[in-house]
Amino acid sequence: MVTKLSAALTEKLSLHIDLSKSRLETLALLITGMIGARTVNLSHVASERGSPVKPASTYRRLQRFFQHVAPDDDWAARLIVTLLGVRGPWLLCLDRTNWQIGAKHVNVLVLALVTRRHRVPLMWRMLDGPGNSPTATRIALMERYLALFGAGSVRMLLDDRAFIGGEWLRYLHENNIPFTIRLRENMTVITETGQRVPLGTLLKTTRGARSFQAALPGDDGNAPLVLGFAAKRIRGGELLIAAASKDAHYALVAYRRRWRSAVTSPRSSMALRTVFEMALEGR
């Protein structure tokens, strides 16, 4: 069964990846082996081959693969989009996933494509240490995406409160990337009457849904950034405030899409890349 699956996968990959037949077969072995073993440990992956070949021989084959094949960071992004069969422009979601392997904390910034049922990671960046991602790191990740797909492929980028800041929002605006981002209540805006006030104060009496226009103060000589805002009270009385680069009328509906689809585990989606990184580091 595993051999048949590997053969079918090899044929599929050959349409999208420029590798020799032997290398493609090894890549298919890696993918099916990781799914079966549920780990990136090569000795376990080699045991999942399901053929008369000894696991030790398969293990050595996997090692040789890493010695001679070094894909770039985003080698699988176009392949993933093609295999998903979804037409653009797409909803994208920026998120961060954090887990622990032994004593080591793994902190990853992920740019995912939102489908009807799942969020599928397209590209990512390992972060140094715990905590949120620097603005420069987010911009660098977005630049990688734009180099492959262009701004016209983005229907909407959905971000949470961890991904804010004037520089980041200005970058998205200047690069024609539509976005809907949740903001914190203590963020200061400039109202249409010229007042500078925290969002929480401005929306203090809000009960139902409300939409309005305001601007984020400029910094480093930049002019204020005018955005559409939508807000409402959610369970527990907390304010949900979303800023949109376009008309804010549907901002809350758009933001809800961030949570409507299930997350495809970054562990499984990024497993193959992790194998490459571990092998190249000699682990």
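Bear in mind that the values here come from a model prediction, so they are computed numbers and not experimental data. (Residues numbered from 1 in each chain as written. Predicted model: local features only at pLDDT ≥ 70, side-chain atom pairs only at ≥ 80, totals over all residues. Heavy atoms only, no water.)

A. Geometry of the overall build of the protein chain. Along the protein chain, the regular secondary structure elements total 11 helices and 11 strands. Over its C-alpha atoms, taken along the principal directions, the protein chain stretches across nearly 75 × 40 × 40 Å. Counting over 283 residues, the protein chain shows a buried share of 43%. Contacts spanning at least 24 positions in sequence make up 53% of the contacts within the protein chain whose residues lie at least 6 apart. Entry remark: accessible area of the protein chain is about 15,300 Å², with carbon and sulfur atoms responsible for 51%. On the protein chain, the mean spot of the 40 positive side-chain charges and the mean spot of the 22 negative ones are 8 Å from each other. (Helix = DSSP H or I, 4+ residues; strand = E, 2+ residues; numbered from the N terminus. Buried < 20%, exposed > 50% of the residue type's maximum accessible area, 1.4 Å probe, protein only. Contact = heavy atoms within 4.5 Å. Areas by Shrake-Rupley, 256 points an atom, 1.4 Å probe, with all protein chains shown as cover. Lys, Arg positive; Asp, Glu negative; His and termini not counted. Charge placed at Lys NZ, Arg CZ, Asp CG, Glu CD.)

B. Summary view of the domain arrangement of the protein chain. Looking at the protein chain, the domain boundaries give domain 1 (1-71) and domain 2 (80-259). Between the C-alpha centres of domain 1 and domain 2 the distance comes to 38 Å. (Domains from an automatic or database assignment.)

C. Region of the structure containing the environment of glutamate 143. Position of glutamate 143 among the secondary structure elements: in helix α6 (residues 135-149). Sequence separation between glutamate 143 and asparagine 175 is 32 residues; the distance between their C-alpha atoms is 9.8 Å. If near-sequence neighbours (up to four positions away) are discounted, glutamate 143 is found in contact with Tyr171 and Asn175. Reaching out from glutamate 143, the side chain makes a polar contact with the side chain of tyrosine 171 at a distance of 2.5 Å. (Polar contact = N/O pair within 3.5 Å; in protein donor to acceptor, adjacent residues only side chain to side chain.)

D. The nonpolar core, seen in detail. Of all hydrophobic cores here, the largest spans 43 residues; its most connected members are Leu92, Leu111, Met142, Tyr145, Leu157, Trp168 and Phe229. By residue number, the principal contributor to this core is α6, which donates 6 residues. Leu9, Ile17, Val69 and Leu79 belong to the second-largest nonpolar core, a separate cluster that totals 16 residues. (Core = buried A, V, L, I, M, F, W, Y, C linked by side-chain atoms within 4.5 Å.)

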